[in-house]
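Secondary and tertiary structure notes
Listed below, chain by chain, are the residues.
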Amino acid sequence: MAALICRRTIGVVMTVTCALCQVCAHGDEGAVFLREYPLVRMEDHPEESIFETLANPKFDDPSSRMARSEEDRDSLWDAWGPWSDCSRTCGGGASYSLRRCLSSRTCEGRNIRYRTCSNVDCPPESGDFRAQQCSAHVDVRYQGQYHEWLPLYNDPENPCALKCKAQGTSLVVELAPKVLDGTRCYTESLDMCISGSCQIVGCDHELGSTAKEDNCGVCNGDGSTCRLVRGHFKSQHSAIKREDTVIAIPFGSRHVRLVLKGPDHLYLESKTLQGRKGENSLSTSGSYPIENTTVDFQKFADKEILRMSGPLGADFTVKIHYVSPLDSTVQFIFYQPIIHRWRETDFFPCSATCGGGYQLTSAECFDLRSSRVVPDQYCHYYPENVKPKPKLQECNMDPCPASDGFKQIMPYDLYHPLPRWDHTPWTACSTSCGGGIQSRTASCVEEDMQGNVVSVEEWKCTYAPKMAQVQPCNVFDCPKWLAQEWSSCTVTCGQGLRYRVVLCIDHRGIHAGGCNPKAKPHIKEDCVAPIPCYKPKEKLPVEAKLPWYKQAQELDEETAVTEEPSFVPDVWSPCSRTCGVGTQQRTVKCQVLLSFSQTVADLPEDECEGPKPQVLQSCYSGPCGEELHEPHAEKDEEEEEEEEDEEVAVSHHTDEELHDWEYEGFTECSESCGGGLQEAVVVCLNQQTRQIVEEGLCTSHRRPPSLLKTCHPEPCPPRWEAGKWSSCSATCGVGLQTRDVVCTHLLSRENNETVVVSEDKCRHSKPAMVQACNRFDCPPSWYPQDWQQCSKSCGLGLQFRQVLCKQRMADGSFLELPETFCSSQSPSTQQTCGKTECPVEWAVLERSQCSVTCGEGSQSISVFCRKMDRNGKSVTLNPGRCSSFPQPRLVKPCSLAPCTKPSKPVPKLTANMFSLRKVYIQLRKERRLQFVVGGYAFLIPATSVVIRCPIRRLRKTLIRWEKDGKLLAGSSHLTVSPYGYLSIHHLRLSDAGIYTCIAGQAQENFIIKLTGFKQKPVLHPPGPNLKDKPWISPRNLPVSVHNAKLWLTPGHFSQYDDIVLRLIEKMGLDEEHLGSLDALDSSERNSSLLEDDFGLEVAASMTLTIDQKRLDELIKNILSQPEELQSSHADKLVTQLLSEIHADNVLKYPDGGFNASNSWKSTDHKSHPSEATLANPESPEFGDSDKSFRPPVFGTTPHHQKRPHETSSSEFVGHVGQDVLLHGRVNRLVLKCEATGNPKPSIRWSKNGEHLRFGNRVGMLPDGSLQILAPGAADAGIYRCTASNSLGFVSLSSHITQGGKPVIRASISTERVFLNTSSVMADVGSTVKVLLGANVTLRCQAEGIPKPKISWSFLHGKSEAIHHPVKNDSVLVGNASLRDEGHYVCRAANLHGQVTAMTHLLLLVAPHVQKESARWTTITSSAEPGTHTLLSTETGTTEMVGRGSTVLIGCFIQGQPTPRISWLQNGKSLSLLSDLTYQLLEGDQVLQLSNVSSRTNGEVSCLAENEAGTLLQRVLLVIHGHQWSVDDTPPCSATCGNKGIRSARLRCLFNGTEVDRVMCRHEPRPSVEPLACNVRDCPPRWLLTPWSPCSRTCGGGVQSRRVTCHQETADRLSVTLPAENCTSLGKRPTDLQPCNRMSCAEWTTSAWGQCNGECVGLRQSTQHRQLFCQMKTGIPVPASHCSGLPRPPSSRNCTTDACNLQWRVGSWTPCTATCGTSGFQTRRVECIHLRSGKAGREQLCSWKPRPANWQHCNIRPCESAECRDTTIYCEKVQQLKLCHLPQFGVRCCESCKAT
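Residues numbered from 1 in each chain as written. Predicted model: local features only at pLDDT ≥ 70, side-chain atom pairs only at ≥ 80, totals over all residues. Heavy atoms only, no water.

Bringing the overall build of the protein into the picture now. From N to C terminus, the protein includes 16 helices and 122 strands. Here the protein holds 1795 residues, and the buried ones make up 41% of them. Sequence-distant contacts, at least 24 apart, represent 62% of the contacts inside the protein between residues at least 6 apart. Surface accessibility of the protein: about 100000 Å² in total, with carbon and sulfur atoms responsible for 52%. (Helix = DSSP H or I, 4+ residues; strand = E, 2+ residues; numbered from the N terminus. Buried < 20%, exposed > 50% of the residue type's maximum accessible area, 1.4 Å probe, protein only. Contact = heavy atoms within 4.5 Å. Areas by Shrake-Rupley, 256 points an atom, 1.4 Å probe, with all protein chains shown as cover.)

The structure is reproduced here in structure tokens:
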């Protein structure tokens, strides 16, 4: 069978459900199992059989399959299944995934795919994986014997077959046809065997990957993390040097190769990063493992080769050992890692906590060897290291808590502007024309949410585009001289003159000045006519008479100001004479053009080079009238000249060309209003036909210059003026940009003076004020939700919120993502809240221990009045503050585990620890005292203490001790014995504290406090819980306990201190009673305690022991008194307690051993645990004083028998404490109760807890014994004898039963309530009340002879059999429900009869809120309009209510029994409030408040109570309304002079806050009458009149005023007094003062600068000039001297071609949606130069509103019946598998329909 299994495994499928699979063996010894996982070959088996053979059911679970891909949908394959477990846990394994064919036909492709996994290195001790597979066959026989198999590596034929070699032989066997998946094909390769074939694995551990490591060992690296080190070493022999260092190769180097040629020898030294050194001599060839590095060494006769593939695990030093005088050379090469590399840091903290900020990364230089950060210069050493640029991302994009509704609506307010570059204005151009440069500085600035801009570090702007800091300027050509065509020669023969016009033309073609006068071409020159003149005498050339001659002459005289100092002449003045010869003058200045300000400055004449032009010349204006005419001969010459001129003109006209240039009108005006420009149109004209011809027919150099003129000077109508777009509100996810758009009216284009008018004045449509921007997806970030309701309405609670990782998409929607997508730290999800004080309440101070150790008992509860402050701390208050609230019950029942009989063995459970609840007071010095855990001890210093910790069911060596919550370490002063005892040797002050014994899960405390001289405790400062306990003595303030694990509360612990102090003071002990007992042996003074005697207490000698329960009752009694009586009442109770202690002590000293005035004596009698005892074992004898007072004590110790004593005769006499069983007929029964004491104690008898009434048959004998004659069944019961006197009491009981008819021990209580425990045990015979879900055990203890049989029945309307389990005659009611409520009857029967007892089980349910109330819904729906309806809650519901309104408050509480509901207002019952109008409805569950007023303001609460508990529900009503308030103490309006009036100010208040008085106009206004005040004469004072105007406006003047002594009298008269009456007020004020001392000044301006300012219109820019304030003498002064003068304008508009730009828009893109409201489309908007057509900066077009580049489209409702796509991105939605998201599934309905 095993062979068959092997054949199936190898030949068919290798599938295993356990950890190993069977592999065949050649023998019959069985099979060995090797770990593998299922792999299936597709070609060997059908697809169905594969899934049948897989044992793991998860492969066939459709729910585990992933969604089918697009490729799978087009094929017949199902989706790929989940990946299987990895074949290996380390070292690289394989995992596979399967899919099945969904068709009966054959599916193309494979049904299995693989991937690598567990690509982590295995621990060194795990060994080689192939070797493990070979060693698994050690117990398989081969050819009849066993072998140790070693792996055979790198088999070239079949590397994936398991071939192993038998150790010690040459036997090689193929033990398996294939190795386990994940086994490496070759030792030096990552390729692995999968399903028997070798698969390529790249360095990225991906199957089929070709990724390779670079020389540095980085996968797919570029070799930048290391550097090649290559070199050679030549030996240098010397007489003293026998060795030398070749090269030091650092840690982490790779591909090390050294070749030594020569006779010498190489050896290695190593040093690890931890400093461990080593040395290897490399004596023979082989591989050496050195410091986790394999060293291959080859030694030849003439050379040595050393190889280390690396990475090196230590620093290696290669050394050479000289062995021959011949030289050797060593060649070495290796790749050394760059150990100092840049490492990117995490993102820095966000720049803002909310509202949007940014955070960046940085780069730090990291030392790979020491794994620490080093200074940056280490990384700068390597040129290969390029410091990465910081990354920047947004953060804390959540809105700040103070955000208003606008911030929630406008998304761009959610983001914080990123840092940006800010630039200073450009400097003035370096040249005025011809191309210069100008620069500016840039700084990184950041703008906060308030708009404040501050400078920050430049690295924060790394990713912001930095504008150019240098740019060209004034690139236009400089003005140049333009010479027109020469005129004709002025003569027709001989030598004459010709002229031309020379203009200075700028780059705009306008005649403007600024040309270099030295380079100006001349405007006239000599000319020679081709025809010679035949005249005897030549004349001077005749001036040309052409019309532009005068213009040329004037232009010739112009000289422009340049940037070089030069003389600039002014125009000539008119001739001094109108006829004849006169003179002309002009001014010539040395001036320079200041390029940076474009202003002209005057210089001294010696600064200008060259001759100064003349300033005076003669002029001739024609002959005067009285001058004589020329001789006749001259007249003939003039006539001849005129004839010659006419001939020249005719000749000129004849020779004129046919085509010439002429002006033909003007272009259209550049502006439609406000003043524009027109340019003259120059055309080429045929002079004969006067028709316009082609310009090529005219000579180009004769073209006349351009002419310009102004046009349309009338004002422009109002137009829209748009401001600049704001920065985008969001950096991603669709933000908004806004701008201001106003309607303006241009008044003056020269001054660019505009005014804003109403929008209806502008006729065109208003440009858009908002546009979209940054429409792309945001990175994922955190989005916190709203805070939830506070966990507490007061007293410091918590509130939580949800923080989601979302991504804001480009369409404005949000995509919820997993938390891992958000890289930054998540915002806080909780915060404190409810920081208000809570109302006062009763709180439980302490619960005492149960009165019994098993079964049913009771426990007392201490309560105190408190309130929680706003910080969640409890503040103790006077109990009277809580008087309006019902006080919780002070005694409650308790139930412990059932009492077990001693005869039955107790199963070993958890550790059980026993303790004594006692308070011990040491009265005199002792050597050593012993105690048991559970109590307090007030001890004297230097006393040695032993504290025992009695436990069961746990080894005592496992006991641990703690002090004040910290583990206690043993020392010579403090030791813990092997039995768990804690010994403290000679108590010190530091030993006071809380000692905790811990045994398993159980623990108990013992508290030690030290008392000093005269027993005053050594205490600490007072705790906060004693402020309201005036009965505690201020001199004895108690210590506070802060350990929350203590069973005793801090307040309780502090109260014991004062009681103890009062006890000690009342006892009147002094130093005489504190004698040292050091000479006594402690064994003689201390009573012993057996470790297993847990029921007994350790009584210390001279140590007062008080039951804690007795002190608790005393403290409660004190707290119940009024504050003023508590101190005196405490003294009385302490005195009574002291007498009780004395009385109890007499029980132990019947012979008068107790005497406070003489000595303290005791016996070794062990006291009852619940009684106060005073023991002193050092005195072996009792005192002999008969007059000493003693409390009662029984003369003999009763012996409790395990079984009742049976009466065997007709008369029985016994002692109380014995149980008696009546058997047969008994005539007389006597129980003796012998007690002694002083005074003599009185005897009382009780039966079954009630006073025993005596009769003829039952009575008490004179000695106190009980006598019962002819006892019968009616006399059965528990009889208790109590002996008491003024000092105390003592009691014992006996149980009398009758043989025969059974007797049931029924509970003596009629009703028992269990609220504080989930497990209840009670005796039958009473009413038991428990909480719903409690576990109840009802016991039926019956006695009789023979033993009665117990049976139970259940009465719930009718009698029925019990359906609960009965164990040991007890009924077990587990998880009690309402159907378990009823009467449980116990029946005890034997041969003599039967008896029954019954218990009524009632279930209690604490008050709780009713989940849904249909009645409340009816009440709220039927309420009148305007009625406030609200439900009360535990934390409190707040409601704003107006005065006079009606409020309905619901308080629907459920419970069992039905809770009683009472209503309170601000802690007071509504019945006590007479001014409140209210009505209770629906069984007090609904409170109706009518006509609410300010007295209703505050908390309204409903208190639901039943036996199971209480529940307080609250509603906070805030009554708002307006009311007048009168200010009672207004100030007087005047201090004297009978002018003061005190008028009470009226204020309008709303909820205590002052508001506008108009809000109280409907409220009755209180009458306020003004009262006179301060009716008395005023003291004299100086009366000053105002200063007169200054006598001069500048240059210094004076002003005066009148000064008199003046007094206001009580009669309201103003009296002028002599000046000496005011001398006491000080120096007389001055009546004269200087004024307007500043010199007279005026505004002066510089020349206008270049027109290169900001574009303000089409071809419109601005130019500026400087203003100076200077004296009229020319001296500059500060601008404040001219502040009163009208300021000239410093800027104006100008025309420039640089602003010839306008917006050009493209066509709209298709709409993104065909319907709905989400579609939008975009278009391209560019700022284009009108002449060149090139795009310019958008700022140049900002003078005109930018056309919208984004708009909504196809805004129409989509038809709901048709499922179609409404966006063009549905293909992407389908590819990204986003159809399951609602926002994509609806808009891509048709595309997502198939999914």
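So, about the pattern of salt bridges. Should their charged atoms come close, side chains of opposite charge can pair. Going through the model one piece at a time under the given rule, you end up with 31 salt bridges. Ionic pairing is found between Glu 1505 and Arg 1460, a salt bridge with its closest N-O pair at 2.9 Å. Taken together, the positions of Glu 1505 in strand E103 (residues 1498–1506) and Arg 1460 in strand E99 (residues 1460–1465) put the pair 45 residues apart, joining distant regions of the chain. The exposure class assigned to Arg 1460 is exposed, which follows from its relative accessible area of 53%. (Salt bridge = Lys/Arg side-chain N within 4 Å of Asp/Glu carboxyl O.)

Let's shift gears to the pairing of strand E21 (residues 357–360). Across a regular strand the side chains alternate sides, sitting on one face of the sheet and then on the other. Burial of the side chains of E21 extends over both faces: Gly 357 and Gln 359 are buried on one face and Tyr 358 and Leu 360 on the other. Pairing analysis gives four bridges linking E21 to strand E24 (residues 392–395), with the strands arranged antiparallel. The residue bridging Leu 360 from the neighbouring strand is Leu 392, located in E24. (Pairing = 2+ DSSP bridges.)

A cluster of nonpolar side chains, Tyr 663, Phe 666 and Leu 707, forms an exposed patch at the surface whose accessible area comes to about 260 Å². Relative to the elements of secondary structure, Phe 666 occurs in strand E39 (residues 659–666). (Patch = residues over 30% accessible without salt bridge, like charges linked within 9 Å, V, L, I, M, F, W, Y side chains within 5 Å.)

What follows deals with the pairing of strand E50 (residues 803–808). In terms of burial, E50 is largely enclosed, as six of its six residues are buried. With four bridges joining them, strand E48 (residues 781–784) and E50 adopt antiparallel strand pairing. The partner of Pro 784 across the bridge, within E50, is Val 803. Where E50 lies against strand E51 (residues 814–817), four bridges are found, and the strand directions are antiparallel. Across the sheet, residue Arg 808 finds its bridge partner in E51, namely Phe 814.

All right, on to the state of the cysteines then. Here a disulfide denotes a covalent bond joining the sulfur atom of one cysteine to the sulfur atom of another. Taken as a whole and assessed by the stated rule, the structure comprises 42 disulfides. The disulfide partner of Cys 429 is Cys 473, and the S-S distance across this bridge is 1.9 Å. Residues Cys 429 and Cys 473 are joined through a disulfide that is right-handed, its torsion about the S-S bond being 85°. With Cys 429 in the loop between strand E25 (420–423) and strand E26 (436–439) and Cys 473 in strand E29 (residues 470–473), this pair connects stretches of sequence that are 44 residues apart. Accessibility expressed as a relative area gives 6% for Cys 473, which makes it buried. At a sulfur-sulfur separation of 1.8 Å, the disulfide partner of Cys 590 is Cys 608. Taking the torsion about the S-S bond as the criterion, the Cys 590 to Cys 608 disulfide, at about 95°, is right-handed. Here Cys 590, found in strand E36 (residues 588–594), pairs with Cys 608, found in the loop between strand E37 (599–603) and strand E38 (616–620); they are 18 residues apart in sequence, far enough to count as distant. The class for Cys 608 is buried, based on a relative accessible area of 8%. (Disulfide = S-S within 2.5 Å.)

On to the environment of Leu 1355. Within the secondary structure, Leu 1355 sits in strand E89 (residues 1349–1355). Along the primary structure Leu 1355 and His 1383 are separated by 28 residues, whereas in three dimensions their C-alpha atoms are 4.9 Å apart. Here Leu 1355 is in contact with Gly 1382, His 1383, Val 1385 and Met 1398, once residues within four sequence places are set aside.

Together, Arg 257, Lys 261, Lys 303 and Arg 307 make up a region of like positive charge exposed at the surface. Elements supplying a minimum of two residues to the positive patch: strand E12 (254–261) and strand E17 (303–308). When its relative accessible area of 31% is taken as the criterion, Lys 303 is described as partly exposed. (Lys, Arg positive; Asp, Glu negative; His and termini not counted. Charge placed at Lys NZ, Arg CZ, Asp CG, Glu CD.)

For the rest of this paragraph, the subject is helix H11 (residues 1108–1119). In this model H11 runs 17 Å from its N-terminal to its C-terminal C-alpha over 12 residues, within 8% of the 16 Å that 1.5 Å per residue would give. Buried residues of H11: Gln 1108, Leu 1111, Asp 1112, Leu 1114, Ile 1115, Lys 1116 and Ile 1118, and no others. (Expected span 1.5 Å × (residues − 1).)

Here we take up the environment of Thr 829. Along the chain, Thr 829 falls in the loop between E51 and strand E52 (830–833). By relative accessible area, which is 37% here, Thr 829 ends up partly exposed. Note: C-alpha distance between Thr 829 and Phe 800 (29 residues apart in sequence) is 5.6 Å. Setting aside chain neighbours within four positions, we find Thr 829 in contact with Trp 787, Gln 799, Phe 800, Arg 801 and Val 803.

All right, on to the sheet that holds strand E92 (residues 1370–1373) then. Read from one edge to the other, the open sheet built from four strands follows the order E85-E87-E92-E91, with strand pairing classed as mixed. Strands with a single pairing partner mark the edges of an open sheet, and in this sheet they are strand E85 (1319–1323) and strand E91 (1366–1367). Of the pairings in the sheet, the one linking E85 to strand E87 (residues 1335–1339) comprises five bridges and is parallel in character. Among the inter-strand pairings, Ala 1322 is bridged to a residue of E87, identified as Leu 1338.

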